[in-house]
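Coordinate inspection notes
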Amino acid sequence: MKLIFFRKLALGVISGLIITGALLLFFALILSKQDDPTKSSVLLSWIALGVGALAAGKLSALGVENKLIQALMTSATFVLILLALSVAFSDFNSASLLKALITALLTFSGAMIGKKTTKSVSSSKRRKNVIKRYSR
């Protein structure tokens with residue numbers, strides 16, 4: 001494994017945690033202005049967690065050759081950190097495991113979405129060059 005693998009992993013996980021925390025603070029500000037904030041607090045916390053997980057996966061997989069391993073490692077690291085925070089600051093129950101599974105899937109899918117590798121682009125360029133060369 002190359003050093004860029006671990007740098008991208010750390011960048012993705014830290015940025016995902018920062019994005020999740022920033023969204024939670026923003027949503028808390030929005031909820032503090034409402035009459036009954038309990039109505040939408042669960043929904044907004046799920047949205048913040050989902051956006052942070054997708055961002056963590058996407059940012060960790062940018063420019064990496066093997067996205068599958070990067071996605072698995074990022075999702076595992078992100079979920080373990082969130083589970084540790086969940087155990088430290090709140091109660092741990094079956095809903096926490098469901099959130100962990102959904103977060104892992106979102107982080108994995110965030111890493112896997114996007115462009116295909118540059119090999120397909122270079123092979124299509126090569127194919128066009130071959131067609132130009134032999135079409136005369």
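Residues numbered from 1 in each chain as written. Predicted model: local features only at pLDDT ≥ 70, side-chain atom pairs only at ≥ 80, totals over all residues. Heavy atoms only, no water.

1. Observations concerning helix 3 (residues 67–89)
In this model, helix 3 (23 residues) spans 32 Å end to end at C-alpha, consistent with the 33 Å of a helix rising 1.5 Å per residue. Those residues of helix 3 that sit buried are Lys-67, Gln-70, Ala-71, Thr-74, Ser-75, Phe-78, Val-79, Leu-83 and Ser-86. (Helix = DSSP H or I, 4+ residues; strand = E, 2+ residues; numbered from the N terminus. Expected span 1.5 Å × (residues − 1). Buried < 20%, exposed > 50% of the residue type's maximum accessible area, 1.4 Å probe, protein only.)

2. Some words on helix 4 (residues 94–112)
Relative to the 27 Å expected for 19 residues at 1.5 Å per residue, helix 4 spans 27 Å between its end C-alpha atoms, a close match to the ideal helical length. Of the residues making up helix 4, those classed as buried are Ser-96, Ala-100, Thr-103, Thr-107, Gly-110 and Ala-111. Angularly, the buried residues of helix 4 cover 95° about the axis, an arc narrow enough to put them on a single face. Facing away from the buried side of helix 4 by more than 90 degrees, the exposed set consists of Ser-94, Leu-101 and Leu-105. The first or second residue beyond helix 4 is Gly-114, which carries a positive phi of 125°. (Arc of directions from axis to C-beta.)

3. Some thoughts on a positive patch on the surface
Together, Lys-125, Arg-127, Lys-128 and Lys-132 make up a positively charged patch on the protein surface. Counting through the fold element by element, Arg-127 comes out in helix 5 (residues 118–134). (Patch = residues over 30% accessible without salt bridge, like charges linked within 9 Å, V, L, I, M, F, W, Y side chains within 5 Å. Areas by Shrake-Rupley, 256 points an atom, 1.4 Å probe, with all protein chains shown as cover. Salt bridge = Lys/Arg side-chain N within 4 Å of Asp/Glu carboxyl O. Lys, Arg positive; Asp, Glu negative; His and termini not counted. Charge placed at Lys NZ, Arg CZ, Asp CG, Glu CD.)

4. What to know about the packing of helix 2 (residues 41–61) against helix 3
At their nearest, the axes of helix 2 and helix 3 sit 9 Å apart, and the two run at 140° to each other. Taken together, the axes of helix 2 and helix 3 are oblique relative to one another. Here helix 2 and helix 3 pass one another in a crossing that is right-handed. For the pair formed by helix 2 and helix 3, the contact residues are Leu-49, Gly-52, Ala-53, Ala-56, Gly-57, Ser-60 and Ala-61 on the first element and Lys-67, Gln-70, Thr-74, Phe-78 and Leu-82 on the second. Along the lines of polarity and charge, the residues of the contact of helix 2 with helix 3 split into six nonpolar, five polar and one charged. (Axes fitted to C-alpha atoms, helices over the stretch in contact; angles between N-to-C directions. Parallel < 35°, antiparallel > 145°, perpendicular 65-115°, else oblique. Left-handed = near helix turned anticlockwise from the far one by under 90°. Contact = heavy atoms within 4.5 Å. Nonpolar A, V, L, I, M, F, W, Y, C, P; charged D, E, K, R; others polar.)

5. Considering the side chain of Gln-70
Topologically, Gln-70 is positioned in helix 3. Among the residues examined, Gln-70 registers a relative accessible area of 0% and is labelled buried. Setting aside its immediate chain neighbours within four residues, Gln-70 contacts Phe-5, Lys-8, Leu-9, Ser-60, Ala-61 and Val-64.

6. Looking at the packing of helix 3 against helix 4
Helix packing for two helices is described by the angle between their axes and how far apart those axes are. It is the contact of helix 3 with helix 4, at a shortest axis distance of 8 Å, that shows an interaxial angle of 150°. With respect to helix 4, the axis of helix 3 lies roughly antiparallel. The interaxial crossing formed by helix 3 with helix 4 has right-handed handedness. Here helix 3 contributes Lys-67, Leu-68, Ala-71, Leu-72, Thr-74, Ser-75, Phe-78, Val-79, Leu-82, Leu-83 and Ser-86 to the contact with helix 4, which in turn contributes Ser-96, Ala-100, Thr-103, Ala-104, Thr-107, Phe-108, Ala-111 and Met-112. Classifying every residue of the contact of helix 3 with helix 4 gives 12 nonpolar, six polar and one charged.

7. As for the confidence of the model for the protein
For the protein, the mean per-residue pLDDT works out to 85, and 90% of the residues sit at or above 70. The element-level mean pLDDT for the protein is lowest in helix 5, coming to 71, with helix 2 highest at 92. (pLDDT = per-residue confidence, 0-100.)

8. Some remarks on a nonpolar patch on the surface
A grouping of Phe-26, Leu-29 and Ile-30 is seen on the molecular surface, where their side chains present a nonpolar patch of about 270 Å² in accessible area. Considering the arrangement of structural elements, one finds Phe-26 in helix 1 (residues 3–32).

9. Things to note about the side chain of Thr-74
Here Thr-74 shows up in helix 3. Of note is the side chain of Thr-74, whose polar atom sits 2.7 Å from the backbone oxygen of Gln-70. (Polar contact = N/O pair within 3.5 Å; in protein donor to acceptor, adjacent residues only side chain to side chain.)

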